[in-house]
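Observations on the model geometry
Listed below, chain by chain, are the residues.
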Amino acid sequence: MMWKWLGALLLFPVQMVYLVVKAAVCLVLPPKLRDLSQENVLVTGGGRGIGRHLAREFARRGARKIILWGRTEKCLKETTEEIRLMGTECHYFICDVGNREEVYRQAKAVREKVGDITILVNNAAVVHGKSLMDSDDDALLKSQHINTLGQFWTTKAFLPRMLELQNGHIVCLNSVLALSAIPGAIDYCTSKASSFAFMESLTLGLLDCPGVNATTVLPFHTSTEMFQGMRIRFPSLFPPLKPETVARRTVEAVQTNQAFLLLPWTMHVLVILKRPPHSGTLRPVGSVCSHQLMFENHSPPGST
Ligand SMILES: NC(=O)c1ccc[n+]([C@@H]2O[C@H](COP(=O)([O-])OP(=O)(O)OC[C@H]3O[C@@H](n4cnc5c(N)ncnc54)[C@H](OP(=O)(O)O)[C@@H]3O)[C@@H](O)[C@H]2O)c1
């Protein structure tokens with residue numbers, strides 16, 4: 001018993017050195033990209049916005065089949081046609097991810113019509129964009145149903161088969177607002193913080209599941225319809241991201257199996273400002289600092 005402990009104690013520094021050297025080598029060498037040619041990718045909210053760019057990026061990088069989910073047939077159809085023109089098999093299904101029965105029904109339809117999903121991208125979301133007291137109760141509920149619970153249902157629908165195949169990846173398009181909330185979008189910030197906890201828990205749980213991984217992407221303000229009209233302090237210091245950049249970095253993160261990705265990298269300042277408190281006052285101070293640094297009070301137009 002004592003020898004076992006002694007062995008473990010001696011091995012620990014060796015393992016630490018190995019991990020540090022491995023991390024340093026990985027930093028220098030270009031990362032090995034996962035081949036997507038056998039992967040069937042489902043993107044929720046894939047008809048427009050970042051979702052459409054994600055569909056294009058997965059197709060461009062050789063994914064086998066792309067499946068789009070959303071509520072608006074017109075944009076789903078347009079994106080499907082565009083992806084087919086790129087030479088990739090693409091299908092769309094009308095599905096409101098906030099509706100649990102519909103998610104399970106359409107997941108079954110996808111399996112029967114297209115096959116197993118090996119990469120699930122939880123991208124669909126809405127923002128009501130008001131303060132708590134100005135918000136309609138149903139609109140508050142809707143954001144939680146779509147942005148947070150929707151991921152419970154889609155993940156429950158597709159994860160079991162990924163575990164059986166020992167091949168799968170769950171991706172979540174989250175937001176920096178999960179880490180640093182702003183006033184005037186209380187529904188959205190709450191749903192994204194909750195979704196972040198969901199992904200953290202899922203990612204840790206998957207550490208014991210060979211071949212199945214997770215990626216959470218936390219982008220800053222991105223120029224799509226979602227936050228049109230949002231005012232940023234110092235816009236030249238914090239310009240909005242392009243949706244194509246978010247899509248490209250997301251697919252790269254999947255291909256390199258990165259668990260968490262903050263976009264742009266300067267957002268790491270938020271993480272530092274919002275480090276867990278040593279005293280009771282540090283956390284609120286961190287929130288206020290990051291808010292004062294970047295965001296004006298705003299009310300996005302909302303897309304609910
Ligand atoms: N734009 C930003 O500044 C920003 C920043 C950080 C993170 N993000 C995140 O990135 C993701 C994509 O945002 P975006 O900027 O592309 O927003 P967007 O342009 O408003 O697009 C939202 C997408 O979600 C779909 N959707 C909404 N409700 C749905 C539902 N109940 N069921 C199925 N699909 C639904 C929409 O399609 P239908 O309307 O057809 O259903 C649409 O395709 C979101 O998770 C968002 O939170 C965005």
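Quick note: structure is the one above.
Summary of the structure given here. As the structure is a computational prediction, the values presented were derived from the model and not from experiment. (Residues numbered from 1 in each chain as written. Predicted model: local features only at pLDDT ≥ 70, side-chain atom pairs only at ≥ 80, totals over all residues. Heavy atoms only, no water.)

To describe a pair of aromatic rings, you give the distance between the ring centres and the angle between the ring planes. Summed over the entire model, instances satisfying the criterion amount to six aromatic pairs. Among the aromatic residues, those joined into a ring-pair cluster are Phe152, Trp153 and Phe198. For Arg100, the ring lying beneath its charged end belongs to Trp153, and the centroid distance is 5.3 Å. (Phe/Tyr/Trp six-rings, centres within 6.5 Å; stacked < 30°, edge-to-face > 60°. Lys NZ or Arg CZ within 6 Å of the ring centre and 35° of its normal.)

Attention now goes to the environment of Leu270. Within the secondary structure layout, Leu270 lies in helix α8 (residues 268-273). Between the C-alpha atom of Leu270 and that of Leu177, which follows or precedes it by 93 residues, the distance is 9.9 Å. (Helix = DSSP H or I, 4+ residues; strand = E, 2+ residues; numbered from the N terminus.)

In this section: the layout of surface pockets. Of the voids in this model, the largest pocket is the one considered here, and its volume is about 280 Å³. If you trace the largest pocket, you find it lined by Pro31, Lys32, Leu33, Arg61, Arg249, Glu252, Ala253, Thr256, Asn257, Gln258 and Leu261. Of the residues forming the lining of the largest pocket, the biggest block, three residues, is contributed by helix α7 (residues 243-255). Split by residue class, the lining of the largest pocket holds four nonpolar, three polar and four charged. Its volume calculated, the second largest pocket comes out at about 240 Å³. (1 Å grid on protein atoms, 1.4 Å probe; cavity = no way out; pocket = protein on both sides within 12 Å on 5 of 7 lines; lining within 4 Å. Points joined across faces, edges and corners; volume = space filled by probe spheres on them. Nonpolar A, V, L, I, M, F, W, Y, C, P; charged D, E, K, R; others polar.)

Along the chain, the position of Thr222 falls in the loop between β6 (212-219) and α7. The exposure class of Thr222 is buried, given its relative accessible area of 7%. Within the local environment of Thr222, its side chain forms a polar contact with the backbone oxygen of Phe220, the two atoms lying 2.9 Å apart. Ignoring sequence-local partners within four residues, the contact set of Thr222 consists of Ile50, Leu241, Lys242, Pro243 and Val246. (Buried < 20%, exposed > 50% of the residue type's maximum accessible area, 1.4 Å probe, protein only. Polar contact = N/O pair within 3.5 Å; in protein donor to acceptor, adjacent residues only side chain to side chain. Contact = heavy atoms within 4.5 Å.)

A separate point is the site of the ligand. Ile50, Arg71, Thr72, Tyr188 and Thr224 are the nearest of the 28 residues found near the ligand. Within the contact set of the ligand, an oxygen atom lies 2.7 Å away from a side-chain nitrogen or oxygen of Arg71. A distance of 2.5 Å separates an oxygen atom of the ligand from a polar atom in the side chain of Tyr188. Out of a free accessible area of 880 Å², the ligand has 98% covered by protein chains. Judged by the fraction of its atoms near the pocket grid, the ligand is located in the largest cavity. The residue inventory of the shell around the ligand, partitioned by class, reads 13 nonpolar, 10 polar and five charged. (Near = heavy atom within 4 Å. Areas by Shrake-Rupley, 256 points an atom, 1.4 Å probe, with all protein chains shown as cover. Sits in = over half its atoms within 2 Å of the grid points.)

Counted under the stated rule, the structure contains 14 salt bridges. A salt bridge links Glu78 to Arg52; the nearest nitrogen and oxygen atoms lie 3.2 Å apart. Taken together, the residues Glu78 in helix α3 (residues 73-85) and Arg52 in helix α2 (residues 49-60) connect sequence positions 26 residues apart. Here the salt bridges do not stand alone but share partners, grouping Glu57, Arg60, Arg61, Arg248, Arg249 and Glu252 into one network. (Salt bridge = Lys/Arg side-chain N within 4 Å of Asp/Glu carboxyl O.)

Turning our eyes to something else, we now look at the sheet that holds strand β5 (residues 168-173). What the seven strands build is an open sheet, ordered β3-β2-β1-β4-β5-β6-β7; its pairing is parallel. At either end of the open sheet lies a strand with only one pairing partner, and these are β3 (89-94) and β7 (260-263). Between one strand axis and the next, the sheet turns through 15° on average, direction left out of account. Across three bridges, the pairing between strand β1 (residues 40-44) and strand β4 (residues 119-122) is parallel. From the neighbouring strand, Leu42 faces β4, where its bridge partner is Leu120. (Pairing = 2+ DSSP bridges. Axes fitted to C-alpha atoms, helices over the stretch in contact; angles between N-to-C directions.)

Our next topic: α7. The terminal C-alpha atoms of α7, which comprises 13 residues, lie 18 Å apart, in line with the 18 Å expected from a rise of 1.5 Å per residue. Turning to α7, its buried residues are Pro243, Val246, Ala247, Thr250, Val251, Ala253, Val254 and Gln255. On its buried face, α7 sits against α2, β4, β5, β6 and β7. Looking one or two places after α7, you find Asn257, whose phi comes out positive at around 55°. (Expected span 1.5 Å × (residues − 1).)

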